[in-house]
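Working through the structure, step by step
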Amino acid sequence: MTTTTVNGRPLVLPDDPDALLIDVIRDAGLTGTKLVCGSGVCGACTVLLDGAPVVSCLLPAQAAADKSLITIEGVGAAGLHPMQKAFMAHDALQCGFCTPGFVVEATAFHDDWRAAKGMATPSREEIVEALSGHLCRCGAYEGIYRAVAEACSGRFDGIDPIAPRLEAREKVTGLARYTVDIHHDGQLEGGILRSHVAHAQITGLDLAPARAMAGVAAVVSLLDDDNMVRFVGSPIAAVAAKDRRTALKAIAAITFKAGPLPAVIGLDAARRDDAPVVFGKKDRKRAGNVSEGAGGAPV
């Protein structure tokens, strides 16, 4: 049996070498750590492992064995960190879903900066580099840059922030609850198989291996009648299973062939007279994301 220390408390790690740290953290009720991209790109799942920021969506749980793990809930456990105060005061958040990851990374940067450079103010370029592994889909970057700069300069040492948002404290401490943070007995986890090519005809879609897996409740095709995918990320099939890991295994079991077709990448390419047709006129209403109106009823 191996353990890790999470926010000062011991936690038993699963023996399964494929178990990911993000799942262990969230299964322990620490839902401030968010699973978003699952590929180490967006930074929403960032935690501190022996003081160093890591993305928990890619890290095997066993990599945390005998180490100290700090999640967003542990950052402000003894009182708000200056970085949390700065994020609140500068409204460096909107929906707040990515905020825990930003705060964890920015807190580590703040502590290292203060230890090395005192109350000097980091440049915008230094802040950008420190937070380069994080994405905010709401676009709160200006507030984030100001928050990091002023927290590092000592402005928020020992003061209580005045926040424009009533829910700011919950969002910067990871206590804000979202739909994905709510769990009911018997709840199923969903997953979607998406296209990795921009334009292709899908043939031979075989859902049977996924449907035969233990713990899988349903597997359905999400393709339209023409079996076409027209952008990277286009949904191909959906899975509902007893947990996320089972859903991912079921998605991996689905097989198909993608016959590549000419794709259009960028506005300039789309405007050329010889540009390949991706959405024909008859398909535009069904697309759901074009200017002519919403898509029709799902098939």
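Being a predicted model, the structure only gives us computed values, none of them experimental.

Topic: the pairing of strand 7 (residues 200-206)
- Taken together, the two bridges between strand 7 and strand 9 (residues 228-229) define a ladder with antiparallel strand orientation. Directly across from A200, in strand 9, lies its bridge partner V229.
- Bridging between strand 7 and strand 11 (residues 255-260) involves five bridges; their strand directions are antiparallel. Its bridge partner lying in strand 11, T203 is registered against K257.

Regarding the sheet that holds strand 9
- In spatial order, the strands read 9-7-11; together these three strands make up an open sheet with antiparallel pairing. Since the sheet does not close on itself, it has two edges, and those belong to strand 9 and strand 11, each with one partner.

A short note on the pattern of salt bridges
- Scanning the model with the defined rule gives 13 salt bridges in all.
- Ionic pairing is found between K34 and D181, a salt bridge with its closest N-O pair at 2.4 Å. With K34 in the loop between helix 1 (21-27) and strand 3 (46-49) and D181 in the loop between helix 7 (168-173) and strand 6 (189-194), this residue pair connects regions lying 147 residues apart in the sequence.
- A network of salt bridges, in which partner residues are shared, links D16, D18 and R245.

Concerning the confidence of the model for the chain
- When the pLDDT values of the chain are averaged, the result is 92; 94% of them are 70 or greater.
- Note that pLDDT drops below 50 for residues 289-299; the model gives that stretch 13 contacts with residues more than four away or on any other chain.

Description of the packing of helix 3 (residues 82-89) against helix 4 (residues 99-117)
- Put simply, helix 3 and helix 4 touch, their axes get as near as 9 Å, and they point 130° apart. By the angle between their directions, the pair helix 3 and helix 4 is classed as oblique. In terms of crossing hand, the pair formed by helix 3 and helix 4 is right-handed. Between helix 3 and helix 4, the contacting residues are P82, M83, Q84 and F87 on the first element and T99, F102, V103, A106, T107 and H110 on the second.
- Partitioning the contact of helix 3 with helix 4 into residue classes produces six nonpolar, four polar and no charged.

Thresholds, definitions, all that
Along each chain, numbering runs from 1 in the same order as the chain's sequence is written. In keeping with the predicted nature of the model, local features appear solely for residues at pLDDT of at least 70, side-chain atom pairs appear and are counted solely at 80 or more, and the whole-chain, interface and lining totals rest on all residues. Side-chain metrics in this entry use all non-hydrogen atoms of the structure; hydrogen atoms and water are not considered. Paired strands are those between which DSSP finds at least two bridges. Labels follow the DSSP assignment, with helices taken as runs of H or I lasting at least four residues and strands as runs of E lasting at least two, numbered in each case from the N terminus. When a carboxyl oxygen of Asp or Glu is within 4 Å of a side-chain nitrogen of Lys or Arg, the pair counts as a salt bridge. Per-residue confidence from the predictor is reported as pLDDT, a score between 0 and 100. We call two residues contacting when some pair of their heavy atoms lies within 4.5 Å. Under this scheme, a helix contributes an axis fitted over its contacting stretch, all axes are lines through C-alpha atoms, and angles between N-to-C directions fall in the 0 to 180 degree range. Roughly parallel refers to an angle under 35 degrees, roughly antiparallel to one over 145, roughly perpendicular to one between 65 and 115, and oblique to any angle outside these ranges. Left-handed describes a crossing in which the near helix is turned anticlockwise from the far one by less than a right angle; the clockwise case is right-handed. Only Asp, Glu, Lys and Arg are considered charged in this grouping, and only Ala, Val, Leu, Ile, Met, Phe, Trp, Tyr, Cys and Pro are considered nonpolar; every other residue, Gly among them, is considered polar.

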